[in-house]
Amino acid sequence: MKGIVLAGGAGTRLYPSARGISKHLMPIYDKPMIYYPISTLIQAGVVEILIVTTPADNANFVRLLGDGSQIGCSFEYAVQKQPNGLAEAFILGEDFIGTDQVALILGDNLFHGKGFDEHLADSTDPKGGVVFAYSVPDPRRYGVVELDESGSALNIEEKPERPRSDLAVVGLYLYDNSVIEVAKSITPSHRGQIEITDVNLEYLRRGQLDVKVLDRGVVWLDTGTVDSLSDASDFIRVLEGRSGLKIGCIEEVAWRRELVSSSDLRRLAEPLRSSGYGDYLLSLLRH
């Protein structure tokens, strides 16, 4: 399976801060925002990742992440010139995806919690599409999925005025290779965008959409607003402070999945010791 991180968009909900830097490069506590979705993909065993950026920000992502070889991955980059919808990522990434399956994760989504890895492991060979749903207090802000008594999807609506459930579709989607042609077939919405909801509705029409409801122990955060970005930083700070473990540490995840050796991890850690981040990576080797 290939992976795509969508790190484009104008970030208008985070203005004025996002006028000078991509929101996906802003820190969530001690790491850039984009580290968290990348670590999610690596945890799922996805090591070939395409990062979709704006033209203005592409060079900054390359400077931060490089080609991924330092953590045993392969990173490629694509530019989305205009915010033409999430599903355009499959068209931009057609050559990258090739004949493989693909996972798309939004660059401002953070996942953590017991059982989440198992959900991912069960979803990396989709026969159609797999989406994840999460109970939220205000579903009108999201794409909302309605399930029948057996847990099968009945319908998905984008930001409905009268939601039929409280289950929001979160920013992590896994598809078989047909998603490229599905995305190409979608008529742009009134916003001029190729909507991911329309892609999911097509898989639903085919009877090939699997919805997995995330357990109560899983935390999902959409960090695209000022308040949610601050909340996410507080969450990570408290959790890391209490547990002594870092969340979204791409070097650690790569090491635990044996993509890099202990000597590689030490080499990555040494230049970072002054920040404390390197000391943490070295502590993994000691313990």
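Read on for a plain summary of the structure. (Residues numbered from 1 in each chain as written. Predicted model: local features only at pLDDT ≥ 70, side-chain atom pairs only at ≥ 80, totals over all residues. Heavy atoms only, no water.)

1. Remarks on the environment of Arg-206
As a reminder of what qualifies: Each helix is a run of H or I in the DSSP string that is no shorter than four residues. Each strand is a run of E no shorter than two, and both are numbered from the N terminus. Buried residues are those whose accessible area, probed at 1.4 Å on protein chains only, stays under 20% of the maximum for their type, while exposed residues exceed 50% and partly exposed ones sit between those limits. We call two residues in contact whenever any of their non-hydrogen atoms come within 4.5 Å of each other. Residues adjacent in sequence count toward polar contacts only when both atoms are side-chain atoms; beyond that, a polar contact is any pair of N or O atoms within 3.5 Å, and within protein one must be able to donate a hydrogen and the other to accept it.
Relative to the elements of secondary structure, Arg-206 occurs in the loop between helix H7 (196–205) and strand S12 (209–213). In this structure Arg-206 comes out as partly exposed when scored by relative accessible area, which is 39%. Residues Arg-206 and Gly-128, spaced 78 residues apart in sequence, show a C-alpha to C-alpha distance of 8.6 Å. In contact with Arg-206, not counting residues within four places along its chain, are Ser-178 and Val-182. For Arg-206, the side chain forms a polar contact with the side chain of Glu-202, separated by 2.9 Å.

2. Here we look at the pairing of strand S6 (residues 102–106)
Convention followed: Strands are treated as partners if at least two bridges between them are detected by DSSP.
Buried residues dominate S6, accounting for five of its five residues. Where burial is concerned, the two faces of S6 agree: the one with Val-102, Leu-104 and Leu-106 and the one with Ala-103 and Ile-105 are both buried. When strand S1 (residues 2–7) meets S6, the two strands line up parallel, connected through five bridges. Residue pairing in the sheet places Leu-6 in a bridge with Leu-106 of S6. Of the pairings in the sheet, the one linking S6 to strand S11 (residues 167–175) comprises four bridges and is antiparallel in character. When the sheet's bridge partners are listed, Leu-104 is paired in S11 with Tyr-173.

3. Some words on the pattern of salt bridges
The cut-off we apply is this: Here, a salt bridge means any Lys or Arg side-chain nitrogen found within 4 Å of an Asp or Glu carboxyl oxygen.
Under the criterion given, the structure shown has 20 salt bridges. Each of Asp-30, Lys-31, Glu-240 and Lys-246 takes part in a single network of salt bridges with overlapping partners.

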